[in-house]
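Structural description and commentary
Given next are the chains, with one letter for each unit.
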Amino acid sequence: FFFQAEDGIRDSVASRGLGDVYKRQDKGNGYTNNATTQPVFYTLTFSHKFQYDDDNVYFAFWKPYSYTRLTKFLLRCESNLNKEANTMNPHISTASFSPISINTRNKKQEKKTSECWINAEAEIETREILYKREQLCLTLGGIPVDIITITSNHDPEESRLDKKKSYIVLTARAHSGETAGSYKMQAIINFLIGRDHIARALREKYIFLIVQMLNPDGVVIGNHRCCLGEFDINRCWSTPSRYMQPTVFQLKAMLSELYLNKKSQIFSYCDLHGHSQKLNSFIFACNAFRNYELFSWIKIRLFPR
């Protein structure tokens, strides 16, 4: 991807955001296998024809999606939900909502967060939607990582007769350079807080727990895969460190709490990534047959269809 300053970059960035002004470099791209190295690495090559003299041209492996853009997007969502809540003046009811308590903050960190980051938490109720944003933890670099809860506010009477709602957990940007996950996550959040009848049905049936950016340190400093501690946090799920991989540690603790709570169930956990070569949408899943039973193995493979 690239953008050219001569194409009105300043006005575009001010109105839409940096990621929206990049153009795809479709021609002249290629990967070369460096077979002489161990382990084997690949070299990316591309060609570009400059259109203007003395221009500033910027190249990016992925279409950018920054932490700032994420923050502004959430503030817009919450502003719109607040307007709807104030207009409708909903009756407050949280009988179907069971928040998870995560004690990860200390007073010094909390004070620092309130000084550096706006709107540390938010809870909004409209006639149909219950939206809650809480701080999951702080990263090694001191950046707050939020977890968002989206579900229905007033369940229909037939839904109350069912068992407690199941959870769907969604995460993105474990690999900070794979910005496709953030664009997909933004679309998912927009859909879930919208008025589409499918979104309404999903809110009535499930509680969505969303972590939009698992590795904001890597996003801020410009790493492609690793966090500030130079770990690939997507390879740390077995034994994450509370201090070196706090986002994975706290998220795993939350998932364990849900799993051990017999009154609730995790219906699905989906981690959004990007791929350097594969196109369109595809799913990798666990080989549950090895660990559990044939029915789980079949269910995982039928779910994407």
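Further up the page is the structure itself.
Going along each chain's sequence as written, the residues are numbered from 1 onward. Where local features are concerned, this predicted model is filtered to residues with pLDDT of at least 70; where side-chain atom pairs are given and counted, the filter is 80 or more; whole-chain, interface and lining totals use all residues. Neither water nor hydrogens contribute to the side-chain values; these are computed over all heavy atoms in the structure.

**Quick word on the sheet that holds strand 9 (residues 206-211)**
An order of 5-6-7-9-8-10 is seen for the six strands of this open sheet, with the pairing classed as mixed. The open sheet terminates on both sides in strands that have one partner only, identified here as strand 5 (122-125) and strand 10 (266-272). Strand-to-strand, the axes of this sheet are offset by a mean angle of 15 degrees, without reference to chain direction. DSSP calls a pair of strands paired once it identifies at least 2 bridges connecting them. Numbering of helices and strands runs from the N terminus, with a helix taken as a DSSP run of H or I at least four residues long and a strand as a DSSP run of E at least two residues long. Here strand 5 pairs with strand 6 (residues 129-138) via four bridges, running antiparallel. When the bridges of strand 6 are listed, A122 appears paired with R133. In this analysis, two residues are considered to be in contact whenever any of their non-hydrogen atoms come within 4.5 Å of each other. Interaxial angles span 0 to 180 degrees and are taken between N-to-C directions of axes, which are lines fitted to C-alpha atoms, for helices over the stretch in contact. In the packing of helix 8 (residues 246-260) onto the sheet, the strands contacted are strand 6, strand 7 (144-152), strand 8 (166-172), strand 9 and strand 10, and the crossing angle to strand 6 comes to about 130 degrees.

**Let's talk about the side chain of R173**
In this fold, R173 is placed in the loop between strand 8 and helix 5 (180-192). A simple rule labels every residue: compare its accessible area, found with a 1.4 Å probe on the protein chains alone, to the largest value its type can have, and call it buried under 20%, exposed over 50%, or partly exposed in between. When charges are tallied, Lys and Arg are placed among the positive residues and Asp and Glu among the negative ones, while His and the ends of the chain are skipped. Whenever a carboxyl oxygen of Asp or Glu lies within 4 Å of a side-chain nitrogen of Lys or Arg, that contact is scored as a salt bridge. For the buried R173, no salt bridge exists, and the shortest N-O distance to an oppositely charged side chain is 7.6 Å, to E178. Excluding anything up to four places from it in sequence, R173 contacts Y65, E178, T179, S182, Q212, M213, L214, N215, V219 and L272.

**Side note on the pattern of salt bridges**
Where charged atoms of side chains with opposite charge meet at close range, the side chains can pair. Scanning the model with the defined rule gives seven salt bridges in all. Among the ionic pairs, R225 bridges to D232, the shortest N-O distance being 3.2 Å. On the accessibility criterion, R225 (29% relative accessible area) is partly exposed. For D232, a relative accessible area of 16% gives the class buried. A single salt-bridge network, built from bridges that share partners, covers E78, R133 and D146.

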